[in-house]
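These are the residues of each chain, in order.
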Amino acid sequence: TVLPNLKPLTGTAQSAVTDLSASGTANTYMVHAPGTYSLRADVMGNGDTGIPAGSDFTDYNGSTISSASITGGVSAGVLWQECVDQIASVELKGSAIEFTTAETVFPGNAVIALYDGSGKIVWSWQIWFTEPLGDDIEVTNANTNATAVANGTNRFLMMDRNLGAM
């Protein structure tokens, strides 16, 4: 039921519900330990800033998306998960999705979906089970243009692992 040769995550189990979207909404949330978590189910991704003007994005019904507000969700569930029963339960509670993990969690990924009354997926979120991130690494590229060097556009922060990495 678990991918081979994986060690459980080492984080201490959460004793209270942890709001993953408290610092802002996203399409992917990281979970580092067993527990109960919630996320906002009324906002797509990073909110309205994630929908550029003229992007012609469409929703699950083919309607143009002009706002990141999500409406029409009536239930939530696990769409898929790498480790069987890693997410033990999922429930839509008002404008939030609340989920509880198994008592032991392993590195991997899962997707939680919000469904409308006819069972169509309205939106989904990736849950990335991973150890906490280390410090970002500052990288300097080969751009030696004096303006780029002066204003720092030749430097950027890089995460300490690839997205989805176990």
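Residues numbered from 1 in each chain as written. Predicted model: local features only at pLDDT ≥ 70, side-chain atom pairs only at ≥ 80, totals over all residues. Heavy atoms only, no water.

**Student:** Any chance you could explain the pattern of salt bridges here in plain terms?
**Tutor:** A pair can form between side chains of opposite charge whenever their charged atoms are brought close. Taken as a whole and judged by the stated rule, the model has two salt bridges. For aspartate 42, the salt bridge identified is with arginine 40, shortest N-O distance 3.0 Å. The salt bridge partner of lysine 93 is glutamate 98, with a shortest N-O separation of 3.1 Å. Under the relative-accessibility criterion, glutamate 98 is labelled partly exposed at 22%. (Salt bridge = Lys/Arg side-chain N within 4 Å of Asp/Glu carboxyl O. Buried < 20%, exposed > 50% of the residue type's maximum accessible area, 1.4 Å probe, protein only.)

**Student:** Explain the side chain of threonine 25 here, please?
**Tutor:** Its location among the elements puts threonine 25 in the loop between strand E1 (18-19) and strand E2 (28-31). Among the residues examined, threonine 25 registers a relative accessible area of 16% and is labelled buried. Reaching out from threonine 25, the side chain makes a polar contact with the backbone oxygen of glycine 45 at a distance of 2.7 Å. Contact partners of threonine 25, with chain neighbours within four places excluded, come to Arg40, Val43, Gly45, Asn46 and Gly47. (Helix = DSSP H or I, 4+ residues; strand = E, 2+ residues; numbered from the N terminus. Polar contact = N/O pair within 3.5 Å; in protein donor to acceptor, adjacent residues only side chain to side chain. Contact = heavy atoms within 4.5 Å.)

**Student:** Explain the sheet that holds strand E5 (residues 87-93) to me, please; I cannot follow it from the model alone.
**Tutor:** Reading across from one edge, E1-E3-E6-E5 is the order of the four strands in this open sheet, with mixed pairing throughout. Unpaired on one side and paired on the other, E1 and E5 mark the two borders of the sheet. (Pairing = 2+ DSSP bridges.)

**Student:** Would you take a moment to explain the pairing of strand E8 (residues 121-129) for this structure?
**Tutor:** Consecutive residues of a regular strand have side chains that alternate between opposite faces of the sheet. The pairing of E2 with E8 spans four bridges and is classified as parallel. Of the residues in E8, the one forming a bridge with threonine 28 is glutamine 126. Of the pairings in the sheet, the one linking strand E7 (residues 108-115) to E8 comprises eight bridges and is antiparallel in character. Note on E8: the bridge partner recorded for alanine 110 is isoleucine 127. The loop that links E7 with its antiparallel partner E8 comprises five residues; one of these, glycine 119, has a positive phi angle of about 90°.

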